[in-house]
Amino acid sequence: MKVSEGIGNIKKSITGFLTIAIFVAAIFFAGIWYAGRNGDPKITSTTILNQLQEANELTTMEYHYTKVGKFENSLNINGWDIPLTRKSFLLTYEGEIKAGVDMSKANVQIQDHVITITLPEIEILSNAIDESSIEVYDETRNIFNPIKIEDYTAFATKQKQIVEEEAIENGLYSQAATKAQDVIIKLLNMIPDVAENYTIKVEFETAKEDPQEDMTEDEADKPTTDSQKEPTEEPKQNPDKNLSEDLGNEI
């Protein structure tokens, strides 16, 4: 396989694609809940929360990617590259990012036949490169600066970070949030008592803002005014000293 052909194929699929994960685990625990019912138990926030938390990590979106990356490095002294010490390699690889919700942090409240489920923020649950897909091209052989295993490891870590940022920019988090809401609502509506008697709302926690972050640079740099400063006590005068001074002036 030629390098040019490999890069061409990579470019065609470099943006990857988004797909809905089949949430078998959710259906499984919902079936256990419904099948194991004894009589007609009351729907409570505790019972719903316990069932949701059995899912542990709810994966709602998968992001598949195929990438090409180049690694370069040279020995240097005081920031200057040393000639004849350059090493590099070109690498293609495939991987998969899974995004979803940590259900152990979920919260459930029931009021007036409304079930409100509050979920933590969407997060990256995993990001794995398929080792069998890795192909290395144009690898240099430099006796002064040979390629090491650590170079591949550091390169893979950096590439994962780049792909995650790209996936988030392409809407991974927003789509995963929408799918999480849909999955949970459909899951709970599988229970007749819930579907017939309750309305389900699924929302996400809002990040707490630091008041200091809301300050503008001008406000942060603005000096403290005299009215904002703590009052300082004026030095107490010695009445005997003032009296002696007055007598001295009279004399």
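Since the model is a prediction, treat every value here as computed from it, not as a measurement.

Points about the packing of aromatic side chains
Logical step 1: A full pass over the atoms with the stated rule returns five aromatic pairs.
Logical step 2: Ring geometry for tyrosine 65 against tyrosine 93: centres 6.2 Å apart, planes inclined by 80°, an arrangement best described as edge-to-face. With tyrosine 65 in strand S2 (residues 57–73) and tyrosine 93 in strand S5 (residues 87–102), this residue pair connects regions lying 28 residues apart in the sequence. Of the two residues, tyrosine 65 and tyrosine 93, neither departs from the other in class, the shared state being buried.
Logical step 3: A centroid spacing of 4.9 Å and a plane angle of 15° characterise the contact between phenylalanine 71 and phenylalanine 89, whose relative ring orientation is stacked. With a gap of 18 residues between them, phenylalanine 71 in strand S2 and phenylalanine 89 in strand S5 connect regions that are remote in the sequence. Residues phenylalanine 71 and phenylalanine 89 agree in their burial class; the two are buried.

What about the side chain of threonine 85?
Logical step 1: Within the secondary structure, threonine 85 sits in the loop between strand S4 (80–81) and S5.
Logical step 2: Polar side-chain contacts of threonine 85 include one of 2.6 Å to the backbone oxygen of isoleucine 82.
Logical step 3: Residues in contact with threonine 85, not counting those within four places in the same chain, are Asn73, Ser74, Leu75, Asn142, Phe144 and Asn145.

Concerning the pattern of salt bridges
Logical step 1: Here the structure, examined in full by the defined rule, presents five salt bridges.
Logical step 2: Ionic pairing is found between glutamate 72 and lysine 70, a salt bridge with its closest N-O pair at 3.4 Å.
Logical step 3: In this structure glutamate 72 comes out as partly exposed when scored by relative accessible area, which is 47%.
Logical step 4: The partner of arginine 86 in a salt bridge is glutamate 72, with the nearest N and O atoms 2.9 Å apart. One end of the pair, arginine 86, is in the loop between S4 and S5; the other, glutamate 72, is in strand S2, with 14 residues separating them in the sequence.
Logical step 5: Note on arginine 86: relative accessible area 39%, which makes it partly exposed.
Logical step 6: In this structure, a network of salt bridges that share partners links the residues Lys70, Glu72 and Arg86.

Focus on the environment of valine 194
Logical step 1: One can find valine 194 in helix H6 (residues 192–197).
Logical step 2: The exposure class assigned to valine 194 is buried, which follows from its relative accessible area of 0%.
Logical step 3: Spatially, the C-alpha atoms of valine 194 and histidine 113 are 9.0 Å apart, while their sequence positions differ by 81 residues.
Logical step 4: Aside from chain neighbours lying at most four places away, what touches valine 194 is Ile43, Ile115, Leu188, Asn189 and Ile200.

Some points on unusual backbone geometry
Logical step 1: A positive phi is found at asparagine 78, a non-glycine position, where the angle reads about 55°.
Logical step 2: As for its position among the elements, asparagine 78 is in the loop between strand S3 (76–77) and S4.
Logical step 3: Relative accessible area serves as the criterion here: at 73%, asparagine 78 is assigned to the exposed category.
Logical step 4: You will see that aspartate 138, though not glycine, has its phi angle at about 50°, which is positive.

Quick look at the nonpolar core
Logical step 1: Core analysis: the biggest nonpolar cluster contains 39 residues, and Leu52, Met103, Ile115, Ile117, Leu119, Ile184 and Val194 have the highest contact counts within it.
Logical step 2: Counting only elements with at least two residues in this core, the list comes to helix H3 (45–53), S2, S5, strand S7 (114–119), helix H4 (149–169), helix H5 (172–188) and strand S9 (199–204).
Logical step 3: Sequence-distant contacts of methionine 103, that is, excluding residues within four places in its chain, are made with Leu52, Gln53, Ala55, Asn56, Leu58, Leu119 and Ile184.

What about the environment of alanine 167?
Logical step 1: Of note, alanine 167 is situated in helix H4.
Logical step 2: For alanine 167, a relative accessible area of 1% corresponds to the buried category.
Logical step 3: Taking the C-alpha atoms as reference points, alanine 167 and tyrosine 65, 102 residues apart in sequence, are found 9.2 Å from one another.
Logical step 4: Setting aside anything within four residues of it in sequence, one finds alanine 167 in contact with Tyr63, Ile97 and Leu172.

Re the layout of surface pockets
Logical step 1: Here the largest pocket is characterised by a volume of approximately 250 Å³.
Logical step 2: What lines the largest pocket is simply Leu91, Tyr93, Ile129, Glu131, Ile134, Val136, Ile149, Tyr152, Thr153, Phe155, Ala156 and Lys160.
Logical step 3: Broken down by element, the lining of the largest pocket gets its largest block of residues, six residues, from H4.
Logical step 4: Its residues assigned to classes, the lining of the largest pocket shows nine nonpolar, one polar and two charged.

Re the confidence of the model for the protein chain
Logical step 1: For the protein chain, per-residue confidence averages 76 on the pLDDT scale, and 66% of positions sit at 70 or higher.
Logical step 2: Scored below 50 in pLDDT, residues 241–251 shows one contact in the model against residues more than four places distant or in partner chains.

What counts and how
Residues numbered from 1 in each chain as written. Predicted model: local features only at pLDDT ≥ 70, side-chain atom pairs only at ≥ 80, totals over all residues. Heavy atoms only, no water. Phe/Tyr/Trp six-rings, centres within 6.5 Å; stacked < 30°, edge-to-face > 60°. Helix = DSSP H or I, 4+ residues; strand = E, 2+ residues; numbered from the N terminus. Buried < 20%, exposed > 50% of the residue type's maximum accessible area, 1.4 Å probe, protein only. Polar contact = N/O pair within 3.5 Å; in protein donor to acceptor, adjacent residues only side chain to side chain. Contact = heavy atoms within 4.5 Å. Salt bridge = Lys/Arg side-chain N within 4 Å of Asp/Glu carboxyl O. Core = buried A, V, L, I, M, F, W, Y, C linked by side-chain atoms within 4.5 Å. 1 Å grid on protein atoms, 1.4 Å probe; cavity = no way out; pocket = protein on both sides within 12 Å on 5 of 7 lines; lining within 4 Å. Points joined across faces, edges and corners; volume = space filled by probe spheres on them. Nonpolar A, V, L, I, M, F, W, Y, C, P; charged D, E, K, R; others polar. pLDDT = per-residue confidence, 0-100.

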